[in-house]
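Structural description and commentary
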Amino acid sequence: MKIKKSQLRKIILESLIVEAISVEQAEAKLEKEKMKIWKSLIFVVKRDGIGAIRSAAQKYNYKPSPWTDGWDESPLKTTHLDGASYGLEHLTADELFRNIDNFIPVDVDDADRSNSILWLIKQFKSDLGLFFAVTEEEEVIENNYGNLGEVTLVNKIRNSLEKFGQFKHLLNPAEKRDLFRIKDMQELFSIIEAHEEVIDAENKRLGSRISGENVIKGFIPLRGGLNIVGGNTIQKNSQTGFYTKPDSEGVVIGEIHTKAAAVKLGSDTEWCTAAPGLNYFHDYYESDDPLIYIEIGGTRWQFSYSSHQFMDEGDNPIQKEKEIELSRLVWRELRQKYGEAILNKYPKITTWMIANNVASDFSDEAIMTIINNENIDVDVLNAFAINPNTPIEGLKKISQNFAWGSAVLNNPALTQEIVDHFVKYHIERENLGGQKILALINLTNLDTPKEVFALNDNYVFDALTAKKDLTPEIIEHVLENGYDKNINALLKNKNLKPEFLKFIYDSGKLKGLSKFAILQNPSTPESVLRSAYERGPYFHQSISANINTPSDILADIANHSKTKFNKTVVYNIINSPNLTKSILDLYIGRMINGELLASERQLSSRIAVFIVKNSPLVTKSDIAKIKDWNPETGSKLERFWNKNNPDDQIIQSSENDQNLGMVSERWLQIAGLTE
């Protein structure tokens, strides 16, 4: 079949355009186009429902986000916070595909990378199901701290595009060596799968030329070793099929330092570093950052710590838990071979091990060497900040940076000396204002350094008054220097001793608001509450708010006080743990008789909540009275009851039948319906 000149011209022009686009330009185009595609997806969701998109995505057998149920409930729900709108319709470019390297090939040349990006844009536009599936898996990655071991489709896309770029010269028919001649993602997958044997055969042909001497020189065994059968001859192990000789536990661990070693040890895997016809080994290898080979019971992995690539035999990232598990084995062997010299020999491996809390077994001198390094990795710094084995001088050094100093406050071995040093250091440099000291004081129960008291601002006072351990120094400082709201907050702190509260109340030096604060404090002695009650209704609202106010005082307030109809007082009494049945009956009667000045409906809701929490005080007749007075509220009470007491339902009724249903004997007795 002949190609028309117009079609030929179009093909040539497209090829020239593709060749001319750099990786940066292609990435910029993806940034621009992805939001347009996202808006198209939202339009379809509005028009056809989320089911249509999800159905279109199912053919990719992807792993969805555990948060996808939110799409079903309210796919376009918008929330507002600080003047900004949040929700699917308001997703920003920064929130969509934060790291395109998750699904764009890395181990290809620039031309193939840019082509892959442009081809994917085309696929996303024509197949919103694919676009949806990839964004779903990106959400999974994001919520697993970037771990690609949690997903399948994203890995398959990236690996397929990498193989296409690396081995397209082997593909047939020849026209399929042009990515833009491949119709869709399914065709790409099928083409790569159909050529697996051809690719493997090519790798074996080239691998057979590898020198055994270079393999032996390029592999440093840490556990187990190579299967050397004489001189520089290496053969496959008849038991495992690999070029290794495991130890008695079936384990091989070692360092790969040459491409020859990478090829032999990675034979029959998908590792790009093991492909003899490719040149990606040197993209990952450095003399102070070797690849690590791991083999356990016939399963193999290859780790590159500097690039954070931890791959199984299919060149798929493994899960984070497995990374840590295998890294502990690697670290044990490295430490056994090199001791603390590992710090300088393989700094990138060591950095990863420390940052991920795999390595902590260093001498104090070695730890200080790491901490004093001006180029220390921030993750390493944070790891030492919370490590109980970090020496005091190291924690002091870390605390001189406020951000990591705050992390030090979470160290289980934190001492008063470290806290004092942290505060003094930053106050002297005017780095430590009230907002920052707030975090400091609330993070530790150690003594508050005296320098803190010099920071007389609201944040400091708020932090001081919230402390569990209220020392005499803190109490004196707040009472003498604090603002009214700080003093009131202090006097509400339940950790104050009852004798102190009585003393300060009897002193006659407090203003009205401060007295209110004391009367609401659950540690205030009963004698103070009774004395204040006798002084008149002025204090009754505060007294009713105290969870330890005796029931006889509550009853007197409910019956005789001028505040008895005050909405806040009514709520306080209804929610008091010392509420009695007689007081509850009083309020139910007033509510039904219309005597309450407060909103009857609001009060009814309060009673409903109270019934759920303290149902033994309420009888069936109480619910019936409320339902007769207000059917809506009574029905709500029934629902509350049935939901929270499925085994002890007082009322079970239908629209046409108001008879009492089956209830437990205990509740029949409470309701007074049995002898």
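Residues numbered from 1 in each chain as written. Predicted model: local features only at pLDDT ≥ 70, side-chain atom pairs only at ≥ 80, totals over all residues. Heavy atoms only, no water.

**Some details on helix α15 (residues 347–355)**
Turning to α15, its buried residues are I349, T350, W352, M353 and I354. Buried residues in α15 make contact with β9 (291–296), β11 (309–312), α13 (320–338), α14 (342–345), α16 (364–371) and α17 (378–385). At the exit of α15 stands N357, carrying a positive phi of roughly 60 degrees. (Buried < 20%, exposed > 50% of the residue type's maximum accessible area, 1.4 Å probe, protein only. Helix = DSSP H or I, 4+ residues; strand = E, 2+ residues; numbered from the N terminus. Contact = heavy atoms within 4.5 Å.)

**Here's the deal with empty space enclosed by the protein**
Rolling a probe over the atoms, with the probe sized like a water molecule, indicates the empty space that remains. Evaluated as defined, the whole model comprises 4 cavities of 30 Å³ or more. The computed volume of the largest cavity comes to approximately 110 Å³. In terms of lining, the largest cavity is formed by D107, W271, C272, T273, Y284, L291, Q302, F303, S304, Q309, M311 and D315. Of all the secondary structure elements, the ones that give two or more residues to the lining of the largest cavity are β10 (299–304) and β11. (1 Å grid on protein atoms, 1.4 Å probe; cavity = no way out; pocket = protein on both sides within 12 Å on 5 of 7 lines; lining within 4 Å. Points joined across faces, edges and corners; volume = space filled by probe spheres on them.)

**Section: the pairing of strand β8 (residues 251–256)**
With 6 of its 6 residues buried, β8 lies for the most part within the structure. The pairing of strand β3 (residues 219–223) with β8 spans 4 bridges and is antiparallel. Residue P221 lies in a different strand from β8, and its bridge partner there is G254. One ladder, built from 6 bridges, connects β8 with β9; its direction is antiparallel. Bridge pairing in β9 places V252 opposite E295. (Pairing = 2+ DSSP bridges.)

**Brief notes about the sheet that holds β9**
The strand order β3-β8-β9-β10-β11 describes an open sheet built from 5 strands, whose pairing is antiparallel. Of all the strands in the sheet, just β3 and β11 have a single pairing partner and so form its edges. The average angle at which neighbouring strand axes cross in this sheet is 20 degrees, direction not considered. Contacting β3, β8, β9, β10 and β11, α13 runs over the sheet at an angle of about 100 degrees to β3. (Axes fitted to C-alpha atoms, helices over the stretch in contact; angles between N-to-C directions.)

**Remarks on the side chain of N488**
For N488, the position within the fold is in helix α24 (residues 484–491). A residue is classified by how much of its surface remains accessible, and N488, at 14% relative accessible area, is buried. With residues up to four places along the chain from it excluded, the contact list for N488 reads L513, S514 and A517.

**Here we look at helix α5 (residues 110–126)**
With 17 residues, α5 extends 25 Å between its outermost C-alpha atoms, agreeing within 8% with the 24 Å of an ideal straight helix rising 1.5 Å per residue. Of all 17 residues in α5, 12 are buried; the element is thus mostly enclosed. (Expected span 1.5 Å × (residues − 1).)

**Thoughts on the layout of surface pockets**
Approximately 640 Å³ is the volume attributed to the second largest pocket. Residue lining of the second largest pocket: 37 residues in total, with K163, D200, T269, E270 and W271 positioned closest to the centre. Secondary structure elements with two or more residues in the lining of the second largest pocket: α7 (153–167), α8 (185–194), α9 (196–207) and α11 (259–265). Per-element tally for the lining of the second largest pocket: the top contributor is α7, with 8 residues.

Spatial relationships are all this shows, so hold off on functional conclusions.
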